[in-house]
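# Working through the structure, step by step
So the chains spell out like this:
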Amino acid sequence: MDSMQDILAQLNPAQREAVEATEGAIMVIAGAGSGKTRVLTYRIAYLIHQKGVDPFNILSLTFTNKAAREMKERIGKIVGHSEAKNLWMGTFHSVFARILRIEGDKLGYPSNFTIYDSEDQAKVVNNVIKELNLDKEIYKTRNVQRRISSFKNGLITPKEYFNLPELQEQDNAARMPLLGEIFKAYNERCFRSGAMDFDDILLNTYMLLRYHPETLAKYQDRFRYIMVDEYQDTNHAQYLIVKALANRHGNICVVGDDAQSIYAFRGANIKNILNYQRDYEEVQVYKLEQNYRSTKNIVGAANSLIKKNRDQLHKEVWTQNDTGEQIYLHKLVSDNDEGNFVARIIWEKHMDRHLPFRDFAILYRTNAQSRAMEDALRRKNIPYRIYGGLSFYQRKEVKDVLAYFRLTVNPNDEEALRRVINYPARGIGNTTMERLTVAANELGVSMWEICKRLPELPVNINRPTQAKVSDFITKIESYRTMLDKHDAFDLASHIAKTSGLIRTLNEDKTPEGVNRYENIQELLNSVKEYAENQSEIEDGKPGLGGFMEDIALITDADKDDPNDRDKVSLMTIHLAKGLEFPVVFVVGMEENLFPSMMTVNSRADLEEERRLFYVALTRAEKEAYLTYTQMRYRWGKLVDNEPSRFLEEIDEQYLNINVSDFSPFTGPEDVLAASNGYRKAPQAAFTRRKPQTSQRPVNRAPKNLKRVEQNAQHEGNFEALTDVSIGERVKHPRFGFGKITDLEGNGPNKKAVIAFENVGEKKLLLKFAKLEKLS
DNA sequence: ATTTTACAAATTTTT
DNA sequence: TTTGTAAAAT
C-alpha cells in the first residue's frame, strides 16, 4: 500500500490543491495531458484515507467504464481493494441504469428492463412510421431518431412537446407535422416493451428524482461526495441529475476542459461549465495547465490551433518536456497509399527502434476510413485492434442470439420478439405480424401478451398459424422456467442449441458463415466467463438476467482483452478522448472529411471540429503524423480532395512538411498489391489523372503548404541515399551525427549500423533513414 | 411464405 | 462499395 504522503508529494501545487479541496463546489479546468485522472484518483483516495469517508458515499462519474475500472484499481492499491470495491463509479449511463434497476418500479418499469440500442430504436421508429401510414421519404428514420433524442436530452416528454408550440413549429417547418405523434407512439411502444433507450436512462433517472422525493433523499444522502469527469460533455439531463444529487451535501467536484468539448452533437452543453459558477456559491476553481504528456512541439502546435476558436475559457497549456520532433505532415496520392504509408512508418519504428505496436494509434474522423488502414496493416502483418465501428454485440448473428436471451429475460421486449419469432423460419410472416401489431395497439398491451392470449382474442389469424405462434411462446416459456435454476452459461447454450440458430448457422459453409458460427461460440464463451466470475463473488448474479444487464452498456472501449496487449489501435477521434499514445497518426486531413462536410456552414460546428482536431493532436506523447490524400474513395467513387483548412492553422514552426505530387510511398510493391485486389480502377485513374492535377488551377492548397512543395524534391533526395560505405560520417534528422560501422542487406532492404554521438548505436533501413552525407 | 433479384440510397461523430 | 427495400418468382 502506497503512503498518502508519498502520493501527495508526486503532485504539483495546483494538482495538490485540487486533491485537498474536498468540501464544497470545486471546478477543475484541466488542460490536455495535465494529469486530471491522477487528480481524480488521488482525490478519491484522499477522501477515503485522510478524511475517513466511506467509499459507499462517493459517486464518481467517468467517461468510460474502463476508466472507472482502472481508477478503482489504482485507488484499491492505496486504500485497499475491499474498500475501493464499494465506490460508485462508472459512466452516467451505467451508474443510472443500475439505480433504475433498483428503483424503476416507481416509474412502472420492471427491474429487468431491456436497453434498446440505436438499431432497436430505429426499428421501433420505422414500425411506428409505417403504422401511422406516414411517408418514409419525408419522415426519415435517422432524422426522427435524432429529433426524439434531442427532446429527451432536453427532458421533454411527449406531453410537454404538445404544450410547446415552438417545437411543433420547428417540425412543421421541417415538413414533419406528425412528429409528436411518432414520439408519443414510440415512447408507448418502448414502455410496454419494458425497454429504455440510451436517452431514457438519463430522462427516467431525472423523472425518478424529480417526482419521488423520498428516492431523491435516499441518494442525496448516500452520495456525500460527487465527482464528474469530462464535465464539458454533459448534457442538460445529466447536468440536472448531478445538480439534484449534490443539493444536500454540496460536495461536488467537476473536471473538464472546454477545449475538448466534442459531443455537442448529442446534446452536450458547454454552458454547463460556464453556468457552474452561477449555480453554486463560492466555487473554488483550479486550473491545471502543465502538460505532462506531450513534447513542446505537440503542445505548441495544439495551442496554436485552438487559438483560432473564438469561444473558449482562457488557459495556457505548457510543458517542461523535451522539444521533441516536429509534427510530420505528409501528402499521399490515395487512401490506399495513405494506409501503406502509415503501415510502413509503424513497421520501420517497430523494427528499428523496437517500439511495441501498442505505442501506435491511427485516428480518423469517420469509421469508414478504417478500411484502407486495415488493408495496409494486414498486408504487412501488423497486429491491430479496431475500436468502435461495428462492435461485436452489434453483429447480426450475435444480436439474433441475444434476442432470444432478451426475450427469455424480458418477454415483453417487442423488438427481440419481432426479430426472432420467425427466425429460424417458422411460417409466421408479415400478415400475421401486422395483425398482431394491430391487436397490441388496440389493447395497449405487449405483443407477447397478445401472442399468449391469442386463442381467446378475436384476432383474425388462422388455426395453423396460431399453433405456430403458440409453439414459439411455449419454447420461450420453457427457457423462462430455467432462469432461476440454471446459470447463465447453461441456459445460454441450451437456448443456442434448441432455438435452431446454431443449426441454421452450421449449414452455412461459406467463410462468412463459419465466421458467424465462431462469433456465436465467442459469445457463449463470454457468457461462461461471466457466470464463472459471478459465482466467485459472494453476492454475484450468475444467471442470464445478470449477464444481459452487464452487456447492455459495455462498449468496445471498455473491453480489455489480454490478446490485444500489443496491437496498433485504430479508432475515431471521438473514441480516443482520454487516451494517449507515444506515436499518433491523424489520417484524412482533408476538407469535407475533417472538417466534416456537415459542419463547414456553422461557426459553432466548425469550432467543435477544431476542438476535435485539438483532441486528436494532444493524444500524442512523442510523435504525431498528419496525412491527407489527393483523392480517396467515397461512395464507391474517387473524389478529389483539398487539404484540411486546419493544417494551415497550425503554426508552421511546429510542422515538418513533406508534400509533393510525387509520392515516394507508392512503390512497385504497392502497384502489385493494388492490381491484385478489387481496386484496379484507381490505379488506372492515377496514371491518367496525375499530370492533370498538377496543372489544375483549382488546386487551392494552403499557401504555406504549396510553398514547401518546392522543397519536397529536395526531401526526396534523402530517400535515395543508399550508396554509403563503412566509415562514412552521416547526419540523421533525429539522431544527429554518427559514423557508419557496418552495412547489411541489399537493394531496398539495405541496412546500416550507425554509431551516433548522442544516442549510441542504431540499425537503420537506409531507404527510410533520411541520412545526410557529411563530406 | 420465402427466396431471389434488381435497383436505389447512403456516410459524421456515440452512450 | 455496401446496405436495404421492393418487386418478382418459387
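Here's a quick rundown of the structure. (Residues numbered from 1 in each chain as written. Chains lettered and ligands numbered in written order. Predicted model: local features only at pLDDT ≥ 70, side-chain atom pairs only at ≥ 80, totals over all residues. Heavy atoms only, no water.)

## As for the overall build of chain A
Note the following rule: Numbered from the N terminus, helices here are DSSP runs of H or I no shorter than four residues, and strands are runs of E no shorter than two. Remark: exposure states derive from per-residue accessible area (1.4 Å probe, protein chains only) relative to the maximum for the residue type, with buried under 20%, exposed over 50%, and partly exposed in between. In short, Shrake-Rupley with a 1.4 Å probe defines the accessible areas, and a residue's cover is counted only from the protein chains shown.
Looking only at helices and strands, one finds 33 helices and 24 strands in chain A. Expressed as a percentage of the 775 residues in chain A, the buried residues total 55%. Approximately 35,300 Å² of chain A is accessible, and the part contributed by carbon and sulfur atoms is 49%.

## Some thoughts on the protein's contact with DNA strand B
Which entries qualify depends on this criterion: Note on terminology: near, applied to a residue and a molecule or strand, indicates that one of the residue's heavy atoms is within 4 Å of it. We define a polar contact as two N or O atoms separated by no more than 3.5 Å, with the added condition that, inside protein, one atom must be a possible hydrogen donor and the other a possible acceptor, whereas residues neighbouring each other in sequence contribute only through side-chain atom pairs. Each residue is assigned to one of three groups, with Ala, Val, Leu, Ile, Met, Phe, Trp, Tyr, Cys and Pro labelled nonpolar, Asp, Glu, Lys and Arg labelled charged, and all others, Gly among them, labelled polar.
Inspection of the region around DNA strand B gives 23 residues, with Arg365, Asn367, Asn422, Gly427 and Thr572 positioned closest. Near the protein, meaning within 4 Å, the atoms of DNA strand B are sugar or phosphate in a fraction of 52%, with bases accounting for the rest. Contacts to DNA strand B include Lys140, whose side-chain N or O atom sits 3.2 Å from a phosphate oxygen. Here a phosphate oxygen of DNA strand B and a side-chain polar atom of Thr572 are 3.0 Å apart. Classifying every residue of the surface near DNA strand B gives seven nonpolar, 11 polar and five charged.

## Here's the deal with the environment of Ala752
Examined against the element boundaries, Ala752 turns out to sit in strand S22 (residues 751-756). Residue Ala752 is classed as buried on the basis of its relative accessible area, which comes to 0%. Counting along the chain gives 28 residues from Ala752 to Val724, while the straight-line C-alpha distance between them is 8.7 Å.

## Some remarks on the packing of helix H26 (residues 511-536) against helix H27 (residues 544-551)
In plain terms, the rule: Axis angles are defined between N-to-C directions and span 0 to 180 degrees, where every axis is a line fitted to C-alpha atoms and, for a helix, only to the segment in contact. Any angle that is under 35 degrees is reported as roughly parallel, and any over 145 degrees as roughly antiparallel; angles of 65 to 115 degrees are reported as roughly perpendicular and all others as oblique. Contacts: residue pairs with any heavy atoms within 4.5 Å of one another.
Closest axis-to-axis distance for the H26/H27 pair is 10 Å, and the angle between their directions is 110°. Between H26 and H27, the interaxial angle falls into the category roughly perpendicular. Of the residues in H27, those touching H26 at Leu523, Ser526, Val527 and Tyr530 are Gly546, Phe547 and Asp550. Of the residues contributing to the contact of H26 with H27, the split by class is four nonpolar, two polar and one charged.

## So, a nonpolar patch on the surface
Under the convention used in this document: Exposure above 30% relative accessible area and the lack of any salt bridge qualify a residue for a patch; like charges then connect within 9 Å, and the nonpolar side chains Val, Leu, Ile, Met, Phe, Trp and Tyr within 5 Å. Each reported salt bridge corresponds to a side-chain nitrogen of Lys or Arg within 4 Å of a carboxyl oxygen of Asp or Glu.
Together, Met597, Met598 and Trp635 line one region of the surface with nonpolar side chains, adding up to about 440 Å² of accessible area. Turning to its location among the elements, Met598 is positioned in the loop between strand S15 (581-586) and helix H29 (603-617).

## Thoughts on the sheet that holds strand S13 (residues 384-386)
Inclusion rule: What makes two strands pair is DSSP finding at least two bridges between them.
Spatially, the seven strands line up as an open sheet ordered S13-S14-S12-S15-S16-S11-S19, and their pairing is parallel. Looking at strand neighbours, the two that pair on one side only are S13 and strand S19 (655-658), the edges of this open sheet. Pairs of neighbouring strands in the sheet enclose a mean axial angle of 20°, with direction left out of account. By the bridge criterion, four bridges tie strand S12 (residues 360-364) to strand S14 (residues 568-572) in an arrangement that is parallel. If you follow Ala361 over to S14, its bridge partner there is Ser569. Strands in contact with helix H16 (residues 296-306) are strand S11 (327-332) and strand S16 (620-629); relative to S16, the strand with the most contacts, it is inclined by about 55°.

## Remarks on the pattern of salt bridges
Here the structure, examined in full by the defined rule, presents 45 salt bridges. Among the salt bridges present, the one from Glu414 reaches Arg189, with a minimum N-O distance of 3.5 Å. Within this pair, whereas Glu414 is found in helix H20 (residues 414-420), its partner Arg189 is found in helix H11 (residues 179-192), the two being separated by 225 residues in sequence. Note on accessibility: Glu414 and Arg189 belong to one class, buried. Overlapping salt bridges, with partners in common, bring together Asp117, Glu119, Asp120, Lys123, Lys396, Lys399, Asp400, Arg406, Asp413 and Arg419 in one network.

## Thoughts on the nonpolar core
The criterion, for reference: In this description, a nonpolar core means a group of buried Ala, Val, Leu, Ile, Met, Phe, Trp, Tyr and Cys residues linked to one another through side-chain atoms lying within 4.5 Å.
Among the nonpolar cores identified, the biggest contains 52 residues, and Leu402, Phe405, Leu523, Leu544 and Phe547 are the most heavily contacted of them. Residue contributions to this core peak at eight residues, all from helix H19 (residues 396-409). Once residues lying within four places of it in the same chain are set aside, the contact partners of Leu402 are Tyr393, Leu523, Phe547, Met548 and Ile551. Among the nonpolar cores identified, the runner-up in size contains 44 residues, and Phe92, Ala97, Tyr239 and Ile252 belong to it.

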